[in-house]
Amino acid sequence: MDRFHADVIIAGAGPSGLMLAGELRLAGLSVVVLDRLTEPMQQSRALGFSARTIEEFGQRGLLDAFGELETIPFGHFGGIPIDYRIVEGGNFGVRGVPQSRTEAILGAWATRLGAEVRRGHEVVGMTQDATGVAVEVSSATGVETLRAPYLVGCDGARSTVRRLAGVDFPGTSATIEMLMADVATDELRIRPTGEVGESGMVVVLPLGPRATRVVVFERGAGVRPTQEPPAFPEVAAAFQRVTGEDITGYRPLWTSYFTDASRQAAEYRTGRVFLAGDAAHIHLPIGAQGISAGVGDVVNLGWKLAAALKGYAPEGLLDTYHTERHPVGARIVANTLVQRSLYLGGPETQPLRELFGELAGIEEVRRHLVGLVTGLDITYAMGEGGHPLLGRRLPDQELLAGDEKTSTYALLTRGRPLLLNLRGGEASPVRPPAGPTASTSSSRPVPTRPPRPPTCWSAPTATSPGSAPTAPPTASPRRSSAGSAPRGRLSTSVPVLQKRSPELTGKAETEMPAETGTQKTAPRAGEWTECDVIILGAGIGGSITGAILARQGAKVVLVDAGQHPRFAVGESQNPQLVEWLHILAVRYDVPEIKHLLDIKAVTKYIGAHHGRKQSFGFVRHVPDREPDPREATMFVIPKMLTEASHMFRQDTDTYYFNVAAKYGCTLRQNWRATDLDFDDDGVTVTGQNGEVFRAKYLIDASGFRSPLAQKFDLRDKPSRIRHHARSMFTHYVGIKPYDDVCNYPEALRPPRSPRSTAAPCTT
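Residues numbered from 1 in each chain as written. Predicted model: local features only at pLDDT ≥ 70, side-chain atom pairs only at ≥ 80, totals over all residues. Heavy atoms only, no water.

K.L.:
Looking at this model, I keep getting lost on unusual backbone geometry. Mind explaining?
P.N.:
Peptide bonds are, in most cases, trans, and in most cases residues other than glycine have a negative phi. In this chain, His564 is followed by Pro565 through a cis amide linkage whose omega measures -5 degrees. When you line up the elements, Pro565 lands in the loop between strand S29 (556–559) and helix H13 (575–587). A positive phi angle, close to 55 degrees, is found at Asn670, a residue other than glycine. Summarising the element assignment, Asn670 is placed in the loop between strand S34 (666–668) and strand S35 (673–679). (Helix = DSSP H or I, 4+ residues; strand = E, 2+ residues; numbered from the N terminus.)

Dropping the structure here:
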C-alpha cells in the first residue's frame, strides 16, 4: 500500500494555494503547502480583488477578517468608464487591499483549519504513476521526497510544476512593459483609472496617508531584456518623460513591473497533476482579474478533489475542472488583450476606442463587459435542457431557519454541498452517495418574503456547491443590508467605515467638546491665536477641507459669518465628484466623506431631506410671456447617476462642520473677517469682534461675498459674463414638476423619465 504524506500537495503559498488548502481542509483532507520563499511576501503587486472573489470569500466567512471593505462602483473597460453597479453585486473590485494582506488572512484561515505550510521548500522534481505523485523537495536540510495522491501547481507564472508535468503554455510574448514603484509621499496628483497622453499612460494610486503607487507605460519603450525589477531612477525617468513631473526626490519603497505577456496552459489537468492561478494563465493585470481567477480555479477544484479522494466522485468529475475553468481563463486572456489595445494603443486605435465608446452606451453591452471583468456572469455548462439558472452563482440571500435568521453564505462556510428548499420543505445538507454522513438539519429555511421559485438547482452532472445561479429578475428574498457580503461587513454601493456618531448629528452647538474642536462664545478683542491654516467659510467645501487638514495634524481655524444650520442653495453630484470623494476619504483617512457618495449613504448618515437626480433641463424665459415647451430641453438622467444626490445643504453643511470639529478644528460661527493682512510669513485675520488669528496659510471658501476677492479687487466690475437665466429646483416630495402645471398639450411637453416618481429637478 502507498505511504502518503498528505492527501494533496500544493506547490505555492500565494492566494490560490492557500485558498485551496483551506477548501481541502474544510473537506477533512490532509494538505501540505510548499513554498520556496522562507517568509511571506511583504510587497504587493495586486491591491484588491473582484466582485466574484468577494462573494467566494463571503461563502467561507472570510470577509470579517478584512474589516470594512471599500468597493469601487465606477470602473472602466479599456479606459471606457462604466458604472459597475449595473449588475446586482457589481463593482470594479475591492480598493486598497494589498495581496500580502489577502495572503496573510488566507494563510491564517488555512493553518487554523489544520493545513501544513512549509516555507523555504522548493519543488525540484516530480513523477507520477497510477496511484500518486512523488514530489522532490529542496530545503535547507537537503532534498526529500513527498508523496500524495494529487499535486496542484499554484506556483506562479514560471511554474515548476507545469514545466515538470510537460504542459504547454501557449500564447503571446510581452510587447509592452509597465514599470511600477511605491514612493513615500502623498503629494502626487491621483490618477486612479489612468491618464493617457501622447508619450504613454500613468496610473497614480493612494496607498495610505504617506505612500503612493505610480505605474508608468512609455509608448515605444519596448520590453527590458531582464526579469529583474527596474531601478527607481528608471521608473522616475519614464514617469517624467510621460508626464513632465519629477519624482526623483521621493523615497522609493519598492519597485516592480508587469507586461502584457498572455498565455494559458494547454491542459489544467494531466493525470494526477493540476494547475491553478498564474500557473494556468497569465495576462495584463486589469480589474483584479488575475488573483480572482486563481481563487475561482481552486474553489472549483477543491470540492472535486475531495469527492475523488473520498470515493463518491462520479466518472469524469476531475476532468470537469479543465472543461469548466479553461474557458474562464481564455475569456480573461482575451478581454485583457482587448483592453490593452483600447487603453494603451496609439493613434491608430482611436477608431476602435470611439466604436467601443458608442457600444458602451448600450445597456446590454455594459452588462456584458461588467460580467466579463467581475466574473459574475460565469456559467458552467450542465447539459442540454436544464433550467437557465443552472450552473450559475448563488448570491447571498437572507433566510429564516425556524425563528433564526441565516443566509446562503452562512450556510456555505463549511464548504459542504447544500440543498435549499425555499418552498417550505425540510432542508438538509446533501449527503454524498458514498461519503461520510453529514449532519441533518431539522430547520426549515424559508424566504423572509413570500415564497418564489428556488434559486438553487440540482442536476445529474456536478457543479460546485458554491457556484450556483444569480437571482432571476423577479422579486427575491430580502437581502442583507450589507448587499453581497454577509453580516454587514461590505457595502457595494457605499463604503462605510463607522456608524453615525452622536457628535455629528443635529444642530451645530455654539460650544464644542474639547476632544471634537473648540469654539469660544465670547472671544476677547485683540486676542491673538496662532494656527497653520485659517479657512473662511464653513460650507461643505470649507468644512471638508478643514477636516482633512486637521486629520493630518494641522492646526486649523474654521470661521463662518453665519451659523449652522442655515439656508444654502443645493448642489448636485456627478461621477467625477463621487470618485474624487472616494479618493479624498481614503488618502486622508476621513471616512465621513464617504457618506456623500450616494443617496443611500446620504439618507442613512446625514439626513432624509435630500433630492435624487431624476431629470435636468433648461427652459427659455421671456419677460411677460409664458414659457414655451418647444423652447425647453429636458434630459433624463442616465441610470448610472440616479444614486447621486441633489444635496440639501442645510444638512450636509451642518454635518461636515461637525466632522471638522470632531477632527480638531477650532470653530467660530457668526464670525466675519473684517481685515486681512498678508506678509512674507503668513496672514493675519481680524474679526468683527476684534479677535485675531495668525496663520501660515489662508483658504477662502466663503462664497460670493469673499473677503479675499474684496481685499484684492478680484471681481469684475461690471462682470464680463452676464445672463438672465433662473433656476427652479423642484425635487422636493410633494411639489409638482413644471411639466405638470404648464398650459400646453401633453404632445408638446418634454419627455419625462419613466422611472420618475418624484418631481424632477429643473434648472
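Once the structure has been displayed, the description carries forward.
K.L.:
I'm lost on the sheet that holds strand S13 (residues 177–183) in this one. Help?
P.N.:
Through backbone hydrogen bonds, the strands of a sheet pair up, either in parallel or in antiparallel fashion. Spatially, the 5 strands line up as an open sheet ordered S14-S15-S16-S13-S17, and their pairing is antiparallel. With one partner strand each, in any of the chains shown, strand S14 (191–196) and strand S17 (252–259) form the two edges of the open sheet. Across the sheet, the axes of successive neighbouring strands diverge by a mean angle of 15 degrees, strand direction being ignored. Where S13 and S17 come together, 7 bridges link them in antiparallel fashion. The residue bridging Glu177 from the neighbouring strand is Thr259, located in S17. Sheet contacts for helix H6 (residues 232–243): S13, S14, strand S15 (200–208), strand S16 (211–218) and S17; angle to S16, the most-contacted strand, approximately 70 degrees. (Pairing = 2+ DSSP bridges. Axes fitted to C-alpha atoms, helices over the stretch in contact; angles between N-to-C directions. Contact = heavy atoms within 4.5 Å.)

K.L.:
Help me understand the pairing of strand S1 (residues 8–11) in this model?
P.N.:
Looking along a regular strand, one sees side chains alternate from face to face of the sheet. Because side chains alternate across S1, one face comprises the buried residues Val8 and Ile10, and the other comprises Ile9 and Ala11, equally buried. Sheet topology places S1 next to strand S11 (residues 150–153); 4 bridges connect them, and they run parallel. Residue pairing in the sheet places Ile9 in a bridge with Leu151 of S11. By the bridge criterion, 4 bridges tie S1 to strand S2 (residues 31–35) in an arrangement that is parallel. Within S2, the residue paired with Val8 across the bridge is Val31. On the question of chirality, the crossover connecting S1 to the parallel S2 by way of helix H1 (residues 15–26) is right-handed. (Buried < 20%, exposed > 50% of the residue type's maximum accessible area, 1.4 Å probe, protein only. Right-handed = clockwise from strand over helix to strand, strands pointing away.)

Treat this as a map of the structure, not an account of what it does.
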